[in-house]
Amino acid sequence: EVSVDAYESRGYDIISFTPEESGNYVFVATGVGISRVILYDKESYTLDEQYSNNNSVRIAYDLEAGVTYNYCVESDELAVFSVVVGENTPATGIAVLGENINGNYGENIEMLVKPVPSYAELDESVVWQSNDENVAVFSGNILTFVGFGTATVTATVGELTATAEVTCNHPTKLTLDQTVRVNIDKEGRTVYYSFVPSKSAKYMLSSKGDFDTQVFLYDAEFNELSYNDDYEDRNFGLEYTLEEGVT
C-alpha cells in the first residue's frame, strides 16, 4: 500500500508508481473536486479511465514489475484528495465514515462506509440497522432522527460489520425573556429550543434579524400547535397560551 498526501490543485496531478512485483493493483483517489482519473503506461498510452462517483474513483489493473505507470487525477475545480495504491484484494473489514455523527430532530443524514484496507472493493450492498428506532430509523442508507438521544447503528456488508454512535441533539432550553443569537448561512438552518413555563399564560416568541425566519410550536410529543412566518417584515412572531410545567 502506498499513500500520497492530499493535494490542492485545479487542472490535473500526475502520480507515478513502479510495482516491485507483477500483479493486479488498485488505485483509489478519494476527496472532493475530482472529475476523472486516468492510468497511463510508460509510453503515455491510456490503459484505463474512470469518472468520479461519490468523491471516490477506483481503477484496478494488471501491472508489470519494474515498469513505471502514471496515474492522473483531473479536476474541474479546486480539488483536495488523497491516493492509495495497493494489491487488489477483498475487503477484510469496513468502517463507518464520520466521527461524532449528530443532528437535529427530523434531520436526514446519508450514512457511508469505507472498506478496510481502503483500496479494497465492497462487492455487496450495505445494510443499515438502528438499535433504537425511537431515536434513529433508516430508509436505505439515509438515517432520519425521530427522537432525542443516542443510538448505535450497524452497517453490514456480507459477513463484515461496523458500528457507530449517532446522536439526536436535545433542544436548547430557554428561559423567560432570554435572547439567543443564531447564525444562519445561505443554506438556511433549523434550530430546536424547549421552554417550560412557570405559570399558565399567553407567551410571545419572536425573532429579529435580516434573514427570513419562521417558527413552529410543538408539544412534548412533537404535535404541531402553531406556526408563524413574516409577523413583522421577515421576522416571525407567535403568541400562544402555554400551560404551567409543560414542555
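This text goes with the structure placed above it.
Let me sum up the structure you'll find in this document. These figures come from a predicted structure and were not determined experimentally.

1. Quick word on the sheet that holds strand S8 (residues 108–110)
Sheet strands pair via backbone hydrogen bonds, and the direction of the pair is either parallel or antiparallel.
Working step 1: Strand order in the open sheet formed by three strands is S8-S12-S11, and the pairing between neighbours is antiparallel. Each of the sheet's edge strands pairs with one partner strand only, and the pair in question is S8 and strand S11 (136–139). The mean angle between the axes of side-by-side strands here comes to 30°, regardless of whether they run parallel or antiparallel.
Working step 2: Examined bridge by bridge, S11 and strand S12 (residues 142–145) share four bridges and lie antiparallel to one another. Its bridge partner being in S12, Ala136 is matched across the sheet by Phe145.

2. Some thoughts on the environment of Gly33
Working step 1: Examined against the element boundaries, Gly33 turns out to sit in strand S2 (residues 23–40).
Working step 2: Gly33 sits in the buried class, given a relative accessible area of 17%.

3. Some details on the nonpolar core
Working step 1: In this structure, Val96, Met111, Phe145 and Val166 are the most contacted members of the largest nonpolar core, which totals 19 residues.
Working step 2: Residue assignment for this core shows that the elements contributing at least two residues are strand S6 (93–96), S12, strand S13 (149–157) and strand S14 (160–168).
Working step 3: Counting residues in each nonpolar core, the second largest holds 18 residues, with Tyr25, Phe27, Ile34 and Ile59 among its members.

4. Concerning the sheet that holds strand S7 (residues 101–103)
Working step 1: Taking strand neighbours across the sheet as the criterion, the four strands line up as S7-S14-S13-S10 in an open arrangement whose pairing is mixed. Bordering the open sheet on either side are S7 and strand S10 (127–130), each of which pairs with just one other strand. Neighbouring strand axes in the sheet, compared pairwise and without regard to direction, differ in orientation by 25° on average.
Working step 2: Pairing between S10 and S13: four bridges, direction antiparallel. Note that in S13 the partner of Trp128 across the bridge is Ala155.

Criteria and cut-off values
- Residues numbered from 1 in each chain as written.
- Predicted model: local features only at pLDDT ≥ 70, side-chain atom pairs only at ≥ 80, totals over all residues.
- Heavy atoms only, no water.
- Pairing = 2+ DSSP bridges.
- Helix = DSSP H or I, 4+ residues; strand = E, 2+ residues; numbered from the N terminus.
- Axes fitted to C-alpha atoms, helices over the stretch in contact; angles between N-to-C directions.
- Buried < 20%, exposed > 50% of the residue type's maximum accessible area, 1.4 Å probe, protein only.
- Core = buried A, V, L, I, M, F, W, Y, C linked by side-chain atoms within 4.5 Å.

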